[in-house]
Structures are given as C-alpha cells and as structure tokens.
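Inside the fold
So the chains spell out like this:
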Amino acid sequence: MDQLEPLSTNNSLVFPLITTLMITSILIMCFTTIFPCLTSCFHKLFSTSLFCSCKICQAYLTSSWSKDFNNLCDWYTHLLQKSPTKTIHIHVLRNTITANCENLEYILKTNFENYPKGKPFSTILGDFLGRGIFNVDGELWKFQKKMASLELNKNSIRSFAFEVVNNEIQNRLIPLLKNQNQVLDLQDVFKRFSFDSICRFSFGLDPMCLEKSLPMSDFALSFDLASKLSAERAMVVSPLIWKIKRFFNMGSEKELRKSINIINMLAKVVINQKRKMGFSHHQDLLSRFMTTTIHDDMFLRDIVISFLLAGRDTVASSLTSFFWLLAKNRQVEREILLEAERVIGPHDKENNFGITNFEQLSRLHYLQAAAYESMRLYPPIQFDSKFCLVDDVLPDGTKVKSGTRVTYHPYAMGKLEELWGEDCLEFKPQRWLKDGVFQPTNQFKYPIFQAGLRVCIGKEMALMELKTVAISLLRMFSIELEETSTTTLGCDNPRFSPGLTATFAFGLPVFVRERGTSCEA
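Presented here is a report on the structure given in the accompanying data block. Here the structure is a predicted model, which is why all the values come from computation and not from measurement. (Residues numbered from 1 in each chain as written. Predicted model: local features only at pLDDT ≥ 70, side-chain atom pairs only at ≥ 80, totals over all residues. Heavy atoms only, no water.)

Description of a nonpolar patch on the surface
On the surface, Phe247, Phe248 and Met250 cluster together into a nonpolar patch covering about 300 Å² of accessible area. On the secondary structure map, Phe247 appears in helix α10 (residues 239-247). (Patch = residues over 30% accessible without salt bridge, like charges linked within 9 Å, V, L, I, M, F, W, Y side chains within 5 Å. Areas by Shrake-Rupley, 256 points an atom, 1.4 Å probe, with all protein chains shown as cover. Salt bridge = Lys/Arg side-chain N within 4 Å of Asp/Glu carboxyl O. Helix = DSSP H or I, 4+ residues; strand = E, 2+ residues; numbered from the N terminus.)

Structure (structure tokens):
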C-alpha cells in the first residue's frame, strides 16, 4: 500500500493539469475556428445598417409593430398598401419587399437568372430542406423540375392521386368526423389527412395519422418544428445569431438539430422500405425518382422532405383558411352546396362524397372560385424570397444592390385595392366568375402558386385535393366555429405561427355535425 501512495499523490496533480490543457486546447480551437467568422459577420453587421434609424427598421427591431398588428405579414401589408410603388425596404435585414406586379414579372420571369434562391436562402433552410427542389438553383433544380413535371402530368399519376385522396376521405376522414360531440381542432385533422395522403401518394407508405386512436407521428411533429425553427432563422437581424447557436448546439438550434435527426432517421426508413418492397412497378413519386438516383440516399432524403412540404403543409393550410372563411360566410357555403346538387346530384348518405372523376370537379366553377378567393386572402405561402446577383433596377425604379434579399408578398397583394378593387378585403368568390364560369387571372397578379419559370408543378394536384375534401365534407357536415374561436383567432384576421407555410397559431376549434340536424346551414 505504501508504494501506491506516491502514485495517488501524483494523480491529484496530473489530472487537473491535463484538464486545464484540454480546456485550453478546446478554447484555442474554438477561437481560431470562430474568430474569422465573427470578424466577417460583424463587418457585415455594421456595413448593412444594423442600427438604421428609419421608422420601419426601428419598428422591426423593437417589435413595436405588434401593438397594432397580430402578425408581421399584416404589418408588411399595411406598409405596402401605403407605399406609392408598393415596395418597401427593411434595411436591417437587407430586404426589399414588393407587392408590385411589374416587379414580380421582372424578378420571376424577365430577369429570372439574376434572382435565384441564392446561397443565403439555401444556407438558412439547408439543414432542413437540403438539396430539394425548393432550396436549389441551376441544373439541380432543372433536373428535379423535369422529373416531377414528367410524372405529375401523366394521367395515370393523376388518377392514382385522386384514388388516394378519395380513399382517405371515405375510409378515415368522414368516419373520424362523424358523431363528434366535442370541440375538434380542424387544422390538426387536415394536417393528419394531408400527411397520410401525401405519404401514400408520394412514397406508397401509410403512416395512419388519421386513425382515431393514433397520436401524430414523431416524423410529423418533428417536421412541424423544423419548419418553424428554420423560418425563424430568416427573421433574425443577422445570421451570426443562429450560426453561433448552431455551433454551440444551444437553444432553438439544438431543438432544430434534434428534429432534423428524427426526420433523417425516418426518411431513411422510408427509403429502405421502398428498396425492400421494390419500386420498378410502383406508381408513387418516390419510386419514379429512385429509378434514376438509386444510390444517393441523401438526395432521396431531400426529395422526401420536398414532397412533404409541397403536399402536406400547403394543402392543410389552404383547407384550414377555406373552412374558417366558410364558417364566417354562410351564403358562400350555400352556393357551393347548390352548385354541387346541380352538377353531382342530390346528396346520398350511402355515397358520402359522390365525386367520381376530375371532369366532375372541373364543372364545379363556384367551388373553384371560392378556393381561389380563399387563397387570395390567405395564401398558404405568404411570401417568398430571392437574392439579387448583380446590381439591378426594378421596373418601379427601386435600385437593388448585389446580395440584397428581394421578397414578393402574395399575402399583401391579395389585399391591394389597386389590384382587386374597393372590396378587396371581402370574401367574394363571384369576382372570379363570368357568366357562371371560372376565369383565372394574371399569374403575376395572383402568385399563389408562384409564377414564371418556378411556377408550382403540383398546382392541379393541390387544387384537386382541396376541392375534393371541401365538397365531400360540406355535403356531409355542418361545421361551426367554436364560440371563443372568433376572439382567440381574431375577428378579422387569424394569428399565424412562424413557419414556412401559414398556420393558425391556435388551431381551428370547431363543432362538426352531420347534415340534417338543427345546425344545418
């Protein structure tokens, strides 16, 4: 034992010394790694007018706008409405925001090459979206667009999508809503429905989120959180803030990393299951992509995420706003039901939805008009951004320097008198009809599905799903807002949560009753 005592004494001196050296080494490594980044970022901070004293920037920095507006998008709308050019500048964000149709056409079509998604945008969403179609430019974007366009334009794919949606409505959505004697969050129901539908259509797999007894899957919950936290990155004054948090794995960035890890694991399961099942003879979209990119699992992961973002969140958002507006505008609901009776025939409880094909849907002109009008007022994607490559001048005379973020704002555009008349804030489907027939408008006036070269290739699929769900539920159920929801959501505008798509912050609490009861519209 005596021989061991000196060794014990030496350990008491050696261990603290080793610990000190390790900590010192780590600090030196961190300093040498971060210092160049800090220097660069601080230079950008001061050179981009972080301390701009203009009224708009001060309101943004202090959040004083929130005293008068529920949502940032409503404040931006107010500023754009007052602007003579329908363009404003948030200097502290190096962000030029426009609701000018001519600017939109110039950015998205005429000078498209000078306004890519850009590296800053790709960096903000890169951890979440990777190299998916919504986050890339150039050849990679062209490849994905070409592949998706070829598939989505096939009659067989459209028929398959229609079959999936109708099956989900008949076997899950309607049974879930029947005999509901309590308040139900319809937004949550629509998220579950669209998640099941897009997974079955895109991957040939069924997560069964709409089953009564099942909680929302970890994948879906992580997807929501990753979308929210990724969007919040774009709202900070400097990317330095979230980059430091990501480096040290702290706060919101730690939560984002956890969510993305879960997404990655479950995306891998989806891909592996497709390989085991075989994909050469399957109709789903992932199978089609896997025939050309079999060995690149990370790229397939990014495609999975892109499909989900396009087919789940936007559809759920559109349905939520649509039913909220209908509950506040019963005459519109009555007109939709009268049209359905003329086109489809009397409602038959034995055949819950009665819609059999695309052609039948295409004859529901008033329903189409109501869907477009709903998205005019509450677009699922409230704004979208590009980055200017080379110094430029927009058609309204706005000078744009290289590296500036340029944002077009569909949410604000839907509320401009100059575009839609004095009744622009009213929900009036008839503005889309001429002699009872639906009439579309200029895509640069109504960029809900983007416009120009990056116009949404899944537009017809999304409209099919929205209209099929809407007519099926409206003919079967009377849906009323829960009494407190008008004050919770706000009488004029709902309050939105941060995210890549518009989401009601407090959900959509409703009562659902079968038609024929005392609550029938």
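Examining the side chain of Ser194
With respect to the helices, strands and loops of the structure, Ser194 is situated in helix α8 (residues 186-203). Residue Ser194 is classed as buried on the basis of its relative accessible area of 0%. Within the structure, Ser194 has its side chain in polar contact with the backbone oxygen of Phe190 (distance 2.9 Å). Those residues in contact with Ser194 that sit more than four places away from it in its chain are Gly311, Arg312, Val315, Ala316 and Glu465. (Buried < 20%, exposed > 50% of the residue type's maximum accessible area, 1.4 Å probe, protein only. Polar contact = N/O pair within 3.5 Å; in protein donor to acceptor, adjacent residues only side chain to side chain. Contact = heavy atoms within 4.5 Å.)

A short note on the sheet that holds strand β1 (residues 87-90)
Sheet strands pair via backbone hydrogen bonds, and the direction of the pair is either parallel or antiparallel. Reading across the sheet, the four strands line up as β1-β2-β7-β4 and stay open at both edges, with mixed pairing between neighbours. Looking at the sheet topology across the chains shown, the edges are occupied by β1 and β4 (384-387). Neighbour-to-neighbour, the strand axes of the sheet open up by a mean angle of 25°, direction not taken into account. Bridging between β1 and strand β2 (residues 95-98) involves four bridges; their strand directions are antiparallel. Within β2, the position partnered with Ile88 by the bridge is Ile97. Lying on the sheet, helix α4 (residues 101-110) is in contact with β1, β2, β4 and β7 (405-408); it crosses β7 at an angle near 120°. (Pairing = 2+ DSSP bridges. Axes fitted to C-alpha atoms, helices over the stretch in contact; angles between N-to-C directions.)

Section: the environment of Pro120
As for its position among the elements, Pro120 is in helix α5 (residues 118-129). Taking the relative accessible area as the measure of exposure, Pro120 reaches 38% and is therefore partly exposed.

Section: the pattern of salt bridges
Oppositely charged side chains can form a pair if their charged atoms are brought close together. Enumeration according to the criterion identifies 28 salt bridges in this entry. One salt bridge in this structure joins Asp224 and Arg312, with 2.7 Å as the shortest N-O distance. Here Asp224, found in helix α9 (residues 218-233), pairs with Arg312, found in helix α13 (residues 297-328); they are 88 residues apart in sequence, far enough to count as distant. Ionic pairing is found between Glu333 and Arg330, a salt bridge with its closest N-O pair at 3.0 Å. With Glu333 and Arg330 both in helix α14 (residues 330-343), this residue pair falls three residues apart, about one helical turn. A single salt-bridge network, built from bridges that share partners, covers Glu168, Arg172, Asp196, Arg200 and Asp206.

As for the state of the cysteines
This model, assessed by the stated rule, comprises zero disulfides. With no disulfide of its own, Cys57 has Cys54 as its nearest cysteine by sulfur position, at a separation of 3.4 Å. On the basis of relative accessible area, Cys57 is assigned to the buried category, the value being 0%. (Disulfide = S-S within 2.5 Å.)

Some details on unusual backbone geometry
With a phi angle near 60°, Ser63 is a residue other than glycine that sits in the positive phi range. By the element assignment, Ser63 lies in the loop between α2 (55-62) and α3 (72-82). Here Ser63 falls in the partly exposed class, since its relative accessible area comes to 36%. In the Ramachandran plot, Met208 falls in the positive-phi region, its phi being about 55° despite a non-glycine side chain. For Met208, the location among the structural elements is in the loop between α8 and α9.

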